[in-house]
Amino acid sequence: MSATTTNSPPAKGEYPEGGRGFLPTLRFPEFRDAGEWEKRKAGSLFAHRTTKGGQGLPIYSVTMNDGMVRRDSLDRKVDDIEDAAGNKKVCRNDIAYNMMRMWQGAMGVAPEDCLVSPAYVVLAPNKEAAPHFFQYLFKLPAMLQLLTSHSRGLTKDRLRLYFDDFAKMEFRCPKVKEQQRIADFLAAIDEYIATQTERLDILKTHKKGLMQQLFPCEGESQPRVRFPEFLGAREWGEQTLEQLVQIQSGATPSKENPEFWNGTVPWVSAKDMKQLYLDDAQDHISAAAIADGVKVAAPGTLLILTRGMTLLKDVPICLLRRKMSFNQDVKSLRPKEGVNANFLAWSLLAQKPRLLAMVDIAGHGTGKLGTDDLKAFVLNLPCLAEQQRIADCLTSLDELITAATQELDTLKTHKKGLMQQLFPAMDEMRA
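Here goes a summary of the coordinates provided. (Residues numbered from 1 in each chain as written. Predicted model: local features only at pLDDT ≥ 70, side-chain atom pairs only at ≥ 80, totals over all residues. Heavy atoms only, no water.)

**Thoughts on unusual backbone geometry**
Convention followed: Helix and strand assignments follow DSSP, with helices taken as H or I runs no shorter than four residues and strands as E runs no shorter than two, numbered in order from the N terminus.
One non-glycine residue with positive phi stands out, namely N93, at about 75 degrees. Tracing the backbone through its elements, the reader meets N93 in the loop between β7 (88-90) and β8 (95-98). Positioned with a positive phi, N262 is a non-glycine residue whose angle comes to about 60 degrees. Within the element layout of this structure, N262 appears in strand β15 (residues 261-268).

As structure tokens, this is what we get:
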């Protein structure tokens, strides 16, 4: 993110001996001499707007993560905390909050004049309050604690924050120009995060669509799309999984023998099977456990979870990048000659709905994928060269998705660190 995206960044503070007082670690240069953040009561910054709504304005809902959004844009039914007997009017840049969820940060700034449920509280900021600054401030951990302490109720699921109690809250904040500067800076970062999130979503959607095109759909034996160099190649052939791989069951070394554990060989269980390519596991076993009969799978072997899928609502599939062992809920699939391991992994992922449909929950509770059913599972395969081409394409796309995900996580971590420095220390906010 370039410096021009956020306009000049804040500078690290240098404060006189005796401490920095009620000041953030980072402050924009133009406010370095503005003095400490002032103690204010919420009621001196916000009025309680109780105007009833009229016709013709859009209806908004307050969400936990996205603030105020148009109700008709939500892909789920939204139940407000009370039956609506009428609506409240919200003016652009007002803050609306859910009185039963404000302690969790359920609030947002109105992007336009709109209507909300009468169950919400509407805050009208005065000229000393920049609403978007407070949208960030009220989500800080210390502020959520303060909001909780002013809410009424015997248990957390019944806490309500009424305006009169909100108005009594005291906290530190800067003058309105500095409020707006901080809000603009963080909004620019949020905009960049939103752009990267959209890019990641596009990549994931493209991958999903590509897999639907490159592999035969259920009930079909040929894919809808083939790479140009294979248009004249032989058609895909139907084979059972037993014809394609060697299947092996896993085991758990005795927990009573400490010599079997804390070794160097990863031991895979369901909790480790969260991504396609597997490099390590939380638990490790020793050479003694392997000598005792625990099976080990070589790199390039696939692992598939065959028990416990009901809880996960998934059939995890992993491809090993190093030698590993695995527990009894997992089976290894060692590709035979003429079968590309990467292609087989992607092919099974593309057929995951069929695998899920085979899971037997009768008498098992957590679900079981039977060995005989697994052996009889039918897949269609092209020649080895086409297998490699498809695998390389999807692996490259997956690497782009991984890189975009890591970049997005880094941005979110960077923003979190900046917020910790743009606002005074948590205990000082309420001083």
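Picking up where we left off.
**Some words on the pattern of salt bridges**
Filter applied, for reference: What counts as a salt bridge is simple: a side-chain nitrogen of Lys or Arg found within 4 Å of a carboxyl oxygen of Asp or Glu. Only protein chains enter the area calculation, which uses a 1.4 Å probe; residues under 20% of their type maximum are buried, those over 50% are exposed, and those in between are partly exposed.
Tallying each qualifying case throughout the model produces 18 salt bridges. The partner of D329 in a salt bridge is R307, and the shortest N-O contact between them spans 3.2 Å. Of this pair, D329 sits in the loop between β21 (324-326) and β22 (330-335) while R307 sits in the loop between β19 (302-305) and α8 (309-312); the two residues are 22 residues apart in sequence, bridging distant segments of the chain. We note a salt bridge from K352 to D314, for which the minimum N-O separation is 3.1 Å. With K352 in helix α10 (residues 352-358) and D314 in the loop between α8 and β20 (317-320), the pair connects residues that are 38 residues apart, well separated along the chain. The exposure class of K352 is buried, given its relative accessible area of 17%. The exposure class of D314 is partly exposed, given its relative accessible area of 25%. Several salt bridges converge on common partners, so that one network encompasses R70, D72 and E112.

**Some words on the nonpolar core**
Heads up, the rule is: Residue types Ala, Val, Leu, Ile, Met, Phe, Trp, Tyr and Cys, when buried and joined through side-chain atoms within 4.5 Å, form a set referred to as a nonpolar core. A contact between two residues is defined here by any heavy atoms of the two lying within 4.5 Å.
Among the nonpolar cores identified, the biggest contains 101 residues, and F133, F134, F138, F166, F171 and F423 are the most heavily contacted of them. Ignoring anything within four residues of it in the chain, the contact list for F138 reads F46, M102, M107, M143, L144, L147, F166 and F171. Core analysis: the second largest hydrophobic core is formed by eleven residues, V62, A96, A106 and V122 among them.

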